[in-house]
Amino acid sequence: TQLLEQSPQFLSIQEGENLTVYCNSSSVFSSLQWYRQEPGEGPVLLVTVVTGGEVKKLKRLTFQFGDARKDSSLHITAAQPGDTGLYLCARKYGNKLVFGAGTILRVKS
Amino acid sequence: NAGVTQTPKFQVLKTGQSMTLQCAQDMNHEYMSWYRQDPGMGLRLIHYSVGAGITDQGEVPNGYNVSRSTTEDFPLRLLSAAPSQTSVYFCASSYLGGDTEAFFGQGTRLTVV
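This text gives an overview of the structure that appears in the document. (Residues numbered from 1 in each chain as written. Chains lettered and ligands numbered in written order. Predicted model: local features only at pLDDT ≥ 70, side-chain atom pairs only at ≥ 80, totals over all residues. Heavy atoms only, no water.)

## Here's the deal with the state of the cysteines
So, point 1. Tallied over the entire structure, the rule returns two disulfides over all chains.
So, point 2. Here C23(A) is linked by a disulfide to C89(A), with a sulfur-sulfur distance of 2.0 Å. With the S-S bond torsion at 75°, the cross-link from C23(A) to C89(A) turns out right-handed. Here C23(A) is found in strand β3 (residues 19–24), whereas its partner C89(A) is found in strand β9 (residues 85–93), with 66 residues between them in sequence.
So, point 3. What pairs with C23(B) in a disulfide is C91(B), and their sulfur atoms sit 1.8 Å apart. Looking along the S-S bond of the C23(B)-C91(B) disulfide, the torsion reads about -70°, which is the left-handed sense. Of this pair, C23(B) sits in strand β3 (residues 19–25) while C91(B) sits in strand β9 (residues 87–94), and the two are 68 residues apart along the sequence.
So, point 4. Looking at C91(B), the relative accessible area reads 0%, which means it is buried. (Disulfide = S-S within 2.5 Å. Helix = DSSP H or I, 4+ residues; strand = E, 2+ residues; numbered from the N terminus. Buried < 20%, exposed > 50% of the residue type's maximum accessible area, 1.4 Å probe, protein only.)

Below, the structure is given as structure tokens:
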């Protein structure tokens, strides 16, 4: 059972396009983390969102935490080939960190 | 600062063989964990530990054993490898509690034939 649902599973876009990926759960999160994983590497933390309605920006990446704290989104403006990778959301269940299945993003030049 | 170090990076096993995947961290993190990553399934938690001498099962523990004798090391043992254990394995560590960042090793790509 996937406790975190991510969509879409795969996204292939041209350089310069905008995109949004989503992370949803049927239960309330206390907080949510977004990681990016490049081929052959382990995931690296991008951001943690903790407050309902919170918006955080990291250069061209905008992260939003839903008001009800059951969903989150990652929006990338003017995607670059360097944004290519696997984007994972994750949340804590007690001490355990549990991940969604991820969104594979491919940005073509 | 080495962070999280996993060895080996690649391994091929025959069905029924045993092996140990090594993981070491130098950040004095209390929490360590093992994940496996398969296409389309993200990272699935195998086992985790909140400190030396304390381990617990994750989502997919069958076929794997762990122990935590020191803060730094958290080896993962495959007792009798099966083709279904072909995967990429990641070790991660973090401080306990709150929204702490998890640091990952570079992974071990295991093939069981």
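Here the narrative resumes, following the displayed structure.
## Thoughts on the nonpolar core
So, point 1. With 22 residues, the main nonpolar core has L19(A), L32(A), W34(A), F63(A), L74(A), I76(A) and L105(A) as its most contacted residues.
So, point 2. Mapped by element, the contributors of at least two residues to this core are β2 (10–14), β3, β4 (32–37), β5 (44–49), β7 (61–65), β8 (71–76), β9 and β11 (103–108) of chain A.
So, point 3. If near-sequence neighbours (up to four positions away) are discounted, I76(A) is found in contact with E17(A), N18(A), L19(A), R60(A), L61(A), D83(A), Y87(A) and L105(A).
So, point 4. With 19 residues, the next largest nonpolar core counts L13(B), Y64(B), F74(B) and C91(B) among its residues. (Core = buried A, V, L, I, M, F, W, Y, C linked by side-chain atoms within 4.5 Å. Contact = heavy atoms within 4.5 Å.)

## Quick word on the packing of aromatic side chains
So, point 1. Summed over the entire model, instances satisfying the criterion amount to nine aromatic pairs over all chains.
So, point 2. Plain terms: the ring middles of F29(A) and F65(A) are 5.8 Å apart, the flat faces sit at 10° to each other, and that makes the pair stacked. Residue F29(A) is found in the loop between β3 and β4, and its partner F65(A) is found in strand β7; the two are separated by 36 residues along the sequence.
So, point 3. With relative accessibility at 0%, the residue F29(A) sits in the buried group.
So, point 4. The structure contains a cluster of three or more aromatic residues connected by ring pairs, namely Y35(A), F99(A), Y35(B) and F104(B). (Phe/Tyr/Trp six-rings, centres within 6.5 Å; stacked < 30°, edge-to-face > 60°.)

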